[in-house]
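Notes for the structure review
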Amino acid sequence: MAGVTTEGFVTKTYAEILSDIETAQKGLLGNDLDVSPEQPLGQINGIMAAALRELWELGAAVYASRDPDGATDQSLSLLSAITGTTRRAAQPGTVRLVVTLAAGATLAAGAVASTSDPTNRWVTVESVTNGSTAEASVEVLAQQETPGPVPAASTTISTIATPASGWVSVTNLAAAGPGADAETDPVLRRRREDDLQGAASSPLDAIAAALRDVPLVTDVVVWHNSTSAPDADGRPAHSVEALVTGGADAAVALALWNAVAAGIATYAPDAVAVSESILDTSGTLRTVRFGRPAAVSVYVSLSVRVDPARDPGDAAIKAAVVAAGDALRAGEEVTRAALLCGALGVVGVRNVTNVLVGLSALGVADADLPMSPRQVAALDVARVTVTRV
């Protein structure tokens with residue numbers, strides 16, 4: 001049975017459609033009618049059956065478009081938008097560039113620097129001027145030219161792609177904040193469910209859901225103090241503390257202000273605090289505070305055995321270890337097992353015989369490295385040592 005059934009929408013197969021056409025023809029014109037594929041009528045029937053199959057597929061897609069678990073692509077985007085969840089477009093990463101300029105030189109917005117890969121390009125979004133009488137370095141904000149999760153480790157953006165008068169050199173002292181691909185269907189489905197649950201659940205869940213909706217936000221933790229006195233973690237009475245990874249400061253602050261109930265203070269300890277001023281609906285300037293996880297530089301030393309015929313090189317092993325560390329959330333300890341698995345995932349690595357982690361190159365040890373709730377591990381290829389055994 002095909003069509004809308006008690007089990008949902010069931011489509012007819014090509015063979016079923018073709019059989020129905022042939023049965024109808026023979027019922028009208030006789031059972032001796034030759035409808036074999038090599039005959040003209042058989043060829044026509046095949047064309048008709050293929051076209052009708054496309055209509056059945058269209059009907060199935062229309063039926064599925066009403067179901068969040070079945071809708072895909074634009075249908076899922078439209079369905080999610082009904083309840084206020086919109087698909088996120090691809091987002092560019094951001095980075096602070098250190099540009100060296102000649103005395104009095106100005107670097108206009110739109111200047112482009114790149115890594116050794118000429119396609120990994122970063123465009124300045126503001127103009128900067130060296131107001132001194134000698135050559136000097138100044139910082140400028142830049143964003144990825146092509147949105148997406150393109151990495152740029154510290155000191156790798158060192159090529160001037162669009163030379164300009166007075167622009168001497170460029171580098172990035174810290175790794176770029178990664179961008180993101182356009183949101184996939186599975187991620188959009190999950191975020192839609194989170195948004196719906198947050199709107200009908202506890203205030204903390206609703207605040208976290210609102211913050212997760214900010215573009216490029218990758219992680220959110222929310223605490224609160226509902227008492228009339230400061231708590232053991234330093235939160236003032238009747239306050240909310242949000243620890244947010246990713247997203248623009250102003251966008252996060254606005255989302256937090258809109259999500260927190262009137263009369264509740266926003267808090268973050270000074271060591272991790274970001275303070276933003278926004279205008280509320282009455283036109284009054286309000287200060288919103290939230291936290292950014294404090295990045296803790298982690299050093300890693302590992303001993304590996306590789307296949308000489310498929311040696312991946314130290315750079316690939318280091319990058320895999322850093323990628324394993326980048327997956328850690330705020331407050332998660334750095335486990336040697338996770339770093340070991342990252343290295344073992346590199347083609348050509350036969351074994352990892354030892355993994356040491358620590359807070360300095362000389363302080364690495366054979367023990368997992370804990371993080372406080374407001375800290376996040378920061379790994380970099382420059383702090384990973386690979387020893388061949």
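Relevant structure appears above.
Residues numbered from 1 in each chain as written. Predicted model: local features only at pLDDT ≥ 70, side-chain atom pairs only at ≥ 80, totals over all residues. Heavy atoms only, no water.

**Thoughts on the pairing of strand 15 (residues 285–291)**
Formally: Note on pairing: DSSP must find at least two bridges between two strands before they are called paired. Secondary structure elements follow DSSP: runs of H or I no shorter than four residues count as helices, runs of E no shorter than two count as strands, and numbering proceeds from the N terminus.
Bridge analysis of strand 14 (residues 273–279) against strand 15 gives seven bridges, and the strand direction is antiparallel. By the bridge assignment, Leu279 is partnered in strand 15 with Leu285. The hairpin formed by strand 14 and strand 15 contains five residues between the paired strands, and Gly283 there has a positive phi angle of roughly 85°.

**Here's the deal with the packing of helix 7 (residues 314–326) against helix 8 (residues 336–344)**
Our working rule: The axes used here are C-alpha line fits, helices contributing only the stretch in contact, and every angle between their N-to-C directions lies in the interval 0 to 180 degrees. Should an angle fall under 35 degrees it is taken as roughly parallel, and over 145 as roughly antiparallel, whereas 65 to 115 is taken as roughly perpendicular and any remaining angle as oblique. For a crossing to be left-handed, the near helix must be turned anticlockwise from the far one by less than a right angle; the clockwise case is right-handed. Here, residues are in contact when the closest pair of their heavy atoms is within 4.5 Å.
Running from N to C, helix 7 and helix 8 cross one another at 140°; their axes reach a closest spacing of 8 Å. Between helix 7 and helix 8, the angle falls in the class oblique. Helix 7 and helix 8 meet at a crossing whose hand is right-handed. Contact residues: Ile317, Ala320, Val321, Ala324 and Gly325 in helix 7; Ala338, Leu339, Gly342 and Ala343 in helix 8.

**Remarks on helix 6 (residues 249–259)**
Since the α-helix advances by 3.6 residues per turn, residues separated by three or four positions end up pointing in the same direction. As a reminder, the rule being used: A simple rule labels every residue: compare its accessible area, found with a 1.4 Å probe on the protein chains alone, to the largest value its type can have, and call it buried under 20%, exposed over 50%, or partly exposed in between. It is the directions from the helix axis to the C-beta atoms that the arc portrays.
Here helix 6 has its buried residues at Val252, Ala253, Ala255 and Leu256. End-on view of helix 6: buried residues confined to an arc of 165°, all on one side of the axis.

**Comments concerning the sheet that holds strand 10 (residues 167–171)**
Here we have six strands laid out as an open sheet, ordered 9-5-6-8-3-10, and antiparallel in their pairing. Either end of the sheet is taken by a strand with one partner, and the two such strands are strand 9 (159–160) and strand 10. Across three bridges, the pairing between strand 6 (residues 121–124) and strand 8 (residues 136–144) is antiparallel. Counted as the bridge partner of Thr124 is Ala142 from strand 8.

**So, unusual backbone geometry**
Even without being a glycine, Asp73 presents a positive backbone phi close to 50°. Topologically, Asp73 is positioned in helix 3 (residues 73–82). Asp73 sits in the exposed class, given a relative accessible area of 52%. In this structure, His238 is a non-glycine residue whose phi angle is positive, near 50°. Locating His238 in the fold gives a position in the loop between strand 11 (219–225) and strand 12 (239–245). Residue class for His238 comes out partly exposed when judged on its relative accessible area of 35%.

**Digging into the packing of helix 1 (residues 14–29) against helix 2 (residues 40–64)**
Using the following cut-off: Each residue gets one of three labels, nonpolar for Ala, Val, Leu, Ile, Met, Phe, Trp, Tyr, Cys and Pro, charged for Asp, Glu, Lys and Arg, and polar for the others, Gly among them.
Look at helix 1 against helix 2: their axes get within 9 Å of each other, and the N-to-C directions meet at 130°. Here helix 1 is positioned oblique relative to helix 2, judged by the angle of their axes. Where helix 1 crosses over helix 2, the two elements pack in a sense that is right-handed. Across the interface between the two elements, Tyr14, Ile17, Leu18, Ile21, Glu22 and Gln25 of helix 1 pack against Leu41, Asn45, Gly46, Met48, Ala49, Ala50, Leu52, Arg53 and Trp56 of helix 2. Within the contact of helix 1 with helix 2, the residues separate by chemical class into ten nonpolar, three polar and two charged.

**Quick word on the sheet that holds strand 18 (residues 349–358)**
The sheet built from three strands is open, its strands ordered 18-17-20 with mixed pairing. At either end of the open sheet lies a strand with only one pairing partner, and these are strand 18 and strand 20 (384–388). Strand-to-strand twist in this sheet, taken as the mean axis angle between neighbours without regard to direction, amounts to 20°. Of the strands in this sheet, strand 17 (299–306), strand 18 and strand 20 touch helix 7, which is tilted by about 130° from strand 20. Sheet strands in contact with helix 8 are strand 17 and strand 18, and its direction is about 145° off that of strand 18.

**Some details on the layout of surface pockets**
If a probe as big as a water molecule is rolled over the atoms, it shows which places are left empty. Inclusion rule: With a 1 Å grid laid over protein atoms only, a set of points is called a cavity when a 1.4 Å probe fits there but cannot get out and a pocket when it is open yet has protein on both sides within 12 Å along at least five of seven lines; lining residues have an atom within 4 Å of a point. Grid points are joined across faces, edges and corners, and a volume is the space filled by probe spheres set on the points.
Space inside the second largest pocket adds up to approximately 190 Å³. Forming the boundary of the second largest pocket are 14 residues, of which Pro203, Ile207, His224, Val240 and Ile264 lie nearest the centre. Mapped onto the lining of the second largest pocket, the elements with two or more residues apiece are helix 5 (203–212), strand 11 and strand 12. Considering each element in turn, the lining of the second largest pocket owes the most residues, four residues, to helix 5. By residue class, the composition of the lining of the second largest pocket is nine nonpolar, five polar and no charged.

**Concerning the pairing of strand 3 (residues 94–101)**
Counting buried positions along strand 3 gives six out of eight residues, so the element sits mostly inside the fold. Bridging between strand 3 and strand 8 involves eight bridges; their strand directions are antiparallel. The partner of Val98 across the bridge, within strand 8, is Glu139. Examined bridge by bridge, strand 3 and strand 10 share four bridges and lie antiparallel to one another.

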